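A structural walkthrough
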Amino acid sequence: MARQRSKSDLPSKICPVCGLSFTWRKKWDKCWDDVKYCSERCRRRRSQIQDKDS
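Residues numbered from 1 in each chain as written. Predicted model: local features only at pLDDT ≥ 70, side-chain atom pairs only at ≥ 80, totals over all residues. Heavy atoms only, no water.

To continue, consider the pattern of salt bridges. Under the counting rule described, the total for this entry stands at one salt bridge. With a shortest N-O distance of 2.6 Å, Arg 43 and Glu 40 are connected by a salt bridge. Of this pair, Arg 43 and Glu 40 both sit in helix H1 (residues 40-53), three residues apart, roughly one helical turn. For Glu 40, a relative accessible area of 44% translates into the label partly exposed. (Salt bridge = Lys/Arg side-chain N within 4 Å of Asp/Glu carboxyl O. Helix = DSSP H or I, 4+ residues; strand = E, 2+ residues; numbered from the N terminus. Buried < 20%, exposed > 50% of the residue type's maximum accessible area, 1.4 Å probe, protein only.)

Structure representation (structure tokens):
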């Protein structure tokens with residue numbers, strides 16, 4: 001049986017909306033390079049943040 005990786009060994013990114021760090025998840029295995037936001041909530045809020053910056 002394969003050993004589980006510890007959470008500290010997993011890759012992580014910073015969410016551009018909330019600024020929090022989030023780690024790799026199994027469901028992002030094939031699309032990790034495309035993942036930008038930590039959650040659906042932040043993904044939906046991205047347009048609100050961009051509007052305020054303009």
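The next point concerns the layout of surface pockets. Empty space within the largest pocket amounts to approximately 220 Å³. Around the largest pocket, the lining residues are Arg 25, Lys 27, Trp 28, Asp 34, Val 35, Lys 36, Tyr 37, Cys 38, Ser 39, Glu 40, Arg 43 and Arg 46. Across the lining of the largest pocket, the residue classes break down as four nonpolar, one polar and seven charged. (1 Å grid on protein atoms, 1.4 Å probe; cavity = no way out; pocket = protein on both sides within 12 Å on 5 of 7 lines; lining within 4 Å. Points joined across faces, edges and corners; volume = space filled by probe spheres on them. Nonpolar A, V, L, I, M, F, W, Y, C, P; charged D, E, K, R; others polar.)

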